Amino acid sequence: MTILRSRIIGLGSFLPERVSTNDDMAKIVETSDEWIVTRTGIRQRHFAAEGVSSSDMAVKAAEEALKAAGVKGEDLDLIVLATVTPDKTFPATAVYVQAALGMTHGCAFDVVAACSGFLYALRAADNMIRLGQVKTALVIGVETLSRITDFTDRNTCVLFGDGAGCAVLRAEECDGSLADRGVIDTLIYSDGRYAPELCSTGGPSTNHEVGYITMNGREVFRHAAVNMADVSEEILAKNGVSMEQVDWLVPHQANIRILEATAKRLGIPMEKVISTVGDHANTSAASIPLALAESYKSGKIKEGQLLLLPGMGAGFTWGAGLIRL
Ligand code: UT7
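Source: prediction; values computed, not measured.

1. A look at the overall build of the protein
If you tally the helices and strands in the protein, you get 10 helices and 13 strands. At 18 Å, the protein has a C-alpha radius of gyration in line with the 20 Å of a compact globule built from 325 residues. Projected onto its principal axes, the C-alpha coordinates of the protein cover approximately 60 × 45 × 40 Å. Counting only residues that meet the buried cut, the protein has 55% of its 325 residues in that class. Within the protein, contacts between residues separated by at least 24 positions form 77% of all contacts whose residues are at least 6 apart in sequence. Surface summary for the protein: the accessible area is close to 13600 Å², and the carbon and sulfur share equals 50%. Between the averaged position of the 30 positive side-chain charges in the protein and that of its 39 negative side-chain charges there is a distance of 3 Å.

See below:
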């Protein structure tokens, strides 16, 4: 039987030029390189320059992905953009990207699922491709978290960074086997009872403010490894895939200890886990596509390999993608 599958035909990423090291952070709050590296694995993060918005970074990543795919902006039918740091409360940041890329047909919209955002966006785009509703789609994760970081709170300010990552998807007919390249499956979940554990202190309909990130780190940590491992096992079992068949785990990059705990629960060696958290810190919705694009560009991840992408974030939201690149 022939089915439609979303093949990834281009990847792109963008990291702002300005780098802030742990020593730089120690000049702002009572912290140290030793504490940050030991507790999180983070050594540095990138911060967007004043005046650079999420859509600016998304466009840079998109241009790289479109070039790699050999696709023009006007050929896109769909843009799904995941972010918790939109340019404006409305309209969607995706429409600014749409305009900048010269795409005048189809549709562009945002999804808000924090660190699981790319997985939510991927599932939305993949399902529209599978249904034959769109042919070529751009899926973006982008964050300018430095704009909503409280730089007086050492519990959170050392953890986050800015950046963008994206993938161009194209509908391709295939027989639906595991050997086919493309998005094999996606799973997404949420449990709103945990919303207060990680959220913004502001919002247009509550206090008219943008707010800052506030987090119960231990509670998030406790759920992260369990949820990412459980959803990984579920997606593998659903598709009859063993952990040994997976070439790379490309998880949401929040904390090296969460990556290690997830890998341990899954019985996968750290050599098969992509870890960019040391260089990028936690870039929320951008973290998975950034890790994917940067590892592909460096030659670590190769075409044809089987990738497992678990993520977990505010909401709580969590999910996983299974992809043959
Ligand atoms: O992407 C999803 C969203 N976020 C996450 O996944 C993050 C999940 N959570 C974590 O990564 C970890 O919980 C943290 C890195 C946030 C914290 O690590 P922890 O091992 O859970 O530390 P803790 O919260 O138990 O805090 C230990 C101590 C505290 O001091 P006291 O109360 O024991 O005296 C904190 O005040 O470390 C202190 N602390 C710091 N010290 C130096 C907290 N932040 C800092 C800091 N520098 N930046």
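2. Considering the sheet that holds strand β13 (residues 317-324)
Read from one edge to the other, the open sheet built from 4 strands follows the order β8-β13-β12-β11, with strand pairing classed as mixed. Looking at strand neighbours, the two that pair on one side only are β8 (182-190) and β11 (248-249), the edges of this open sheet. Seen against the sheet, helix α7 (residues 217-238) touches β8, β12 (306-313) and β13 and runs at an angle of roughly 145 degrees to β12.

3. Brief notes about the site of the ligand
With respect to spatial proximity, 23 residues lie near the ligand, and among them T31, R39, R218, H252 and N255 are the closest. Here an oxygen atom of the ligand and a side-chain polar atom of N255 are 2.7 Å apart. Between the ligand and the protein, one listed contact pairs an oxygen atom with a side-chain N or O atom of R257 at 3.3 Å. Burial of the ligand by the protein amounts to 77% of the accessible area it has alone, namely 960 Å². Secondary-structure elements contributing two or more residues to the shell around the ligand are α2 (33-40), α6 (154-157), α7 and α8 (256-266). Ranked by the residues each element gives to the shell around the ligand, the list is headed by α7, at 4 residues. Of the residues contributing to the shell around the ligand, the split by class is 11 nonpolar, 7 polar and 5 charged.

4. Overview of the pairing of strand β4 (residues 78-82)
Of all 5 residues making up β4, 5 are buried, and the element is well covered by its neighbours. Taking every second residue as pointing to the same face, both faces of β4 are buried, with L78, V80 and A82 on one and I79 and L81 on the other. Note that β4 and strand β5 (residues 107-111) share 5 bridges and pair parallel. Considered in β5, the bridge of I79 is made with A108.

5. Some details on the packing of aromatic side chains
Using the criterion set out here, one finds 3 aromatic pairs in the structure. Between Y194 and F316, the aromatic rings sit 4.9 Å apart at their centres with planes inclined by 0 degrees, giving stacked as the arrangement. You can see Y194 sitting in the loop between β8 and β9 (198-200) and its partner F316 sitting in the loop between β12 and β13, a full 122 residues away along the chain. Given the relative accessible area of 1%, F316 is considered buried.

Cut-offs applied
- Residues numbered from 1 in each chain as written.
- Predicted model: local features only at pLDDT ≥ 70, side-chain atom pairs only at ≥ 80, totals over all residues.
- Heavy atoms only, no water.
- Helix = DSSP H or I, 4+ residues; strand = E, 2+ residues; numbered from the N terminus.
- Rg over C-alpha atoms; globule rule 2.2 N^0.38 Å.
- Buried < 20%, exposed > 50% of the residue type's maximum accessible area, 1.4 Å probe, protein only.
- Contact = heavy atoms within 4.5 Å.
- Areas by Shrake-Rupley, 256 points an atom, 1.4 Å probe, with all protein chains shown as cover.
- Lys, Arg positive; Asp, Glu negative; His and termini not counted.
- Charge placed at Lys NZ, Arg CZ, Asp CG, Glu CD.
- Pairing = 2+ DSSP bridges.
- Axes fitted to C-alpha atoms, helices over the stretch in contact; angles between N-to-C directions.
- Near = heavy atom within 4 Å.
- Polar contact = N/O pair within 3.5 Å; in protein donor to acceptor, adjacent residues only side chain to side chain.
- Nonpolar A, V, L, I, M, F, W, Y, C, P; charged D, E, K, R; others polar.
- Phe/Tyr/Trp six-rings, centres within 6.5 Å; stacked < 30°, edge-to-face > 60°.

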